[in-house]
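Architecture at a glance
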Amino acid sequence: MKAVNTMTRQFPKNFLWGGAIAANQAEGAWNEDGRGMAKTDVTTGGSVDSPRYVTYIDKDGNPGKAPAMGHNGVIPEGAHYAVLEDEYYPNHLGVDFYHHYKEDIALLAEMGFKVFRLSISWSRIFPNGDEKEPNQKGLDFYRRVFEECHKHGIESLVSIWHFDTPLYLEEHYGGWNNRKLIDFYVHYAETIFKEYRDLVTYWLTFNEINNTVMFLDMFGGQGDDKAFQEGYQQLHYQFVASARAVKLGHEINPNFQIGNMICGITFYPATCDPHDVLANRHKWEQGIYYCGDVQVKGKYPTFSKRLWKEHDVHLDITEQDEKDLAEGTVDMYTFSYYMSNNVTTHTGVEQVSGNFSTGAKNPYLTYSDWGWGLDPIGLQYYLEKMYDRYELPMMVVENGLGAFDTVEEDGSIHDQYRIDYYRPHIEAMAAAIENGVDLRGYTTWGCIDLVSAGTGEIRKRYGFIYVDVDDKGQGSLERTPKDSFYWYKKVIASNGRDLD
Ligand code: BG6
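Residues numbered from 1 in each chain as written. Predicted model: local features only at pLDDT ≥ 70, side-chain atom pairs only at ≥ 80, totals over all residues. Heavy atoms only, no water.

**Considering the site of the ligand**
- Surveying the vicinity of the ligand reveals 16 residues, the closest of which are Q25, E208, A453, K460 and Y462.
- Between the ligand and W445, the relevant distance is 3.1 Å, taken from an oxygen atom to a side-chain nitrogen or oxygen of the residue.
- About the coverage of the ligand: the protein hides 98% of its 380 Å² of free accessible area.
- The class makeup of the residues in the shell around the ligand is seven nonpolar, six polar and three charged. (Near = heavy atom within 4 Å. Polar contact = N/O pair within 3.5 Å; in protein donor to acceptor, adjacent residues only side chain to side chain. Areas by Shrake-Rupley, 256 points an atom, 1.4 Å probe, with all protein chains shown as cover. Nonpolar A, V, L, I, M, F, W, Y, C, P; charged D, E, K, R; others polar.)

Structural data, given as structure tokens:
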């Protein structure tokens, strides 16, 4: 690949440089100011080798736990989700952004952030999810946060849903298996659109909406057609909810820019065996295009029929749904990007997994301590491929390295490995822009350390800002800029020219 010349490396003048967090992973204050619970509040910590669990009390009053992922946190019949005394729940504290938001936003401003991506916790606004009236204290909190961002000249990019459906809706309605969730979500979206009409311009409807199909692929089990039926049906209700929210958002404020959000993994055929090449194409269809096509083009793609047939899936789709999908297409295509993965039909090949996806190990890549394949060229590939397909403005709304950080005796944190990760990814974006991609923004993941979604660890650190807290919630919560903080500040100040 021809490297982009530093002299010609260009990012658009108003390029939105920034970073991202999610409510459930950063805020803490899980039971303050009237907030209701989400599944993440009954999810334990884990690690790269041990899974996270959701905890419950069964119908006979006995405590129990079920795997949070793959199993999708489903608990036995008659049981109810519960916080158990002898378990630790890392999302309860997060990194206490709820009480530290002012100093955190000031630090982001010091780095020169143009945009800050964060999510709203649905159950802070509607504690159960099915109320008519919102929780005023929840609304007030986000108003203060957005105003603080404005004070520093930072745009907010808001995810409406980031893995945190109110737990009450999960327990009493069966979560996204129930069509009623569409109305609850739309009411929630309408409430926040109206409330923050003049404070927020950029919105994302569902974070990594395609994870549901990735999950199916990873854990769904061969032959478990029920999991596929449920997964695709849940997704359909989320597509309709997203489309109706987009339409409504544009009515509330025509300047709103509303995007989808896809877990962007670049897939390669592991070999040139035509079986692998075809399997790779199908992987893109199932994992990436399926959701992107519905949300950008407003209708299901042709290959959907093949996917549904493969697992005997029959969807509840009404004519009104089809109309909603067509009328609620997104303004921009956004995605997370951490890694690529190899697709093979061959057996006995070494497997790797990360970010809701498994694949064959790629001998040309190195892997992070958590086994994620590091591949900046995959980012350029993804950007160019998706821009060709959709020709919509794009944003990379997550990208980053989860790594162990060491605090030196003098309190400094030398995270050169993080800088070394970001540099080629930024070069890859520049190359894609040079090749015509309309890329508008970049928000690195976990600009402040936070709880990992996959493992529940804090020691899997992503931030430019170190937070003094460990996996048991011990620590002063003091914030310290790492070396990467000063480096990213330079990157932003030079609009991506100075990556040294
Ligand atoms: C994405 C999610 O999947 O990847 C984030 O949108 C998540 O919520 C991020 O934190 C990194 O994954 P992990 O498992 O390292 O936290």
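What follows picks up the thread again.
**Details of the pairing of strand β6 (residues 155-159)**
- Most of β6 is tucked away, with four of its five residues classed as buried.
- Both strand β5 (residues 115-119) and β6 contribute to a ladder of five bridges, which runs parallel. For R117, the partnering residue across the bridge sits in β6 and is L157.
- The pairing of β6 with strand β7 (residues 202-204) spans three bridges and is parallel. Bridge pairing links L157 to Y202 in β7. (Buried < 20%, exposed > 50% of the residue type's maximum accessible area, 1.4 Å probe, protein only. Helix = DSSP H or I, 4+ residues; strand = E, 2+ residues; numbered from the N terminus. Pairing = 2+ DSSP bridges.)

**Let's talk about the packing of aromatic side chains**
- Across all of its chains, the model carries 47 aromatic pairs by this definition.
- Ring geometry for Y268 and Y381: centres 6.0 Å apart, planes at 70°, overall edge-to-face. With Y268 in strand β8 (residues 257-269) and Y381 in helix α12 (residues 376-390), this pair connects stretches of sequence that are 113 residues apart.
- The interplanar angle of 25° and the centroid separation of 5.3 Å between the aromatic rings of Y333 and Y390 together place this pair among those described as stacked. (Phe/Tyr/Trp six-rings, centres within 6.5 Å; stacked < 30°, edge-to-face > 60°.)

**Here's the deal with the pattern of salt bridges**
- Counted under the stated rule, the structure contains 32 salt bridges.
- For the salt bridge of K65 with E87, the shortest nitrogen-to-oxygen distance reads 3.1 Å. Taken together, the positions of K65 in strand β3 (residues 63-67) and E87 in the loop between β4 (80-81) and α2 (97-110) put the pair 22 residues apart, joining distant regions of the chain.
- Relative accessible area serves as the criterion here: at 24%, E87 is assigned to the partly exposed category.
- Through salt bridges with shared partners, a single ionic network connects D405, D415, R418, D449, R461 and K482. (Salt bridge = Lys/Arg side-chain N within 4 Å of Asp/Glu carboxyl O.)

**Topic: the packing of helix α13 (residues 416-434) against helix α14 (residues 483-493)**
- The geometry of α13 relative to α14 is characterised by a closest axis approach of 10 Å and an angle of 25° between their N-to-C directions. As judged from the angle between their axes, α13 and α14 are roughly parallel. α13 and α14 meet at a crossing whose hand is right-handed. Together, R418, I419, Y422, R423 and I426 of α13 and D483, S484, W487 and V491 of α14 make up the contact between the two elements. (Axes fitted to C-alpha atoms, helices over the stretch in contact; angles between N-to-C directions. Parallel < 35°, antiparallel > 145°, perpendicular 65-115°, else oblique. Left-handed = near helix turned anticlockwise from the far one by under 90°. Contact = heavy atoms within 4.5 Å.)

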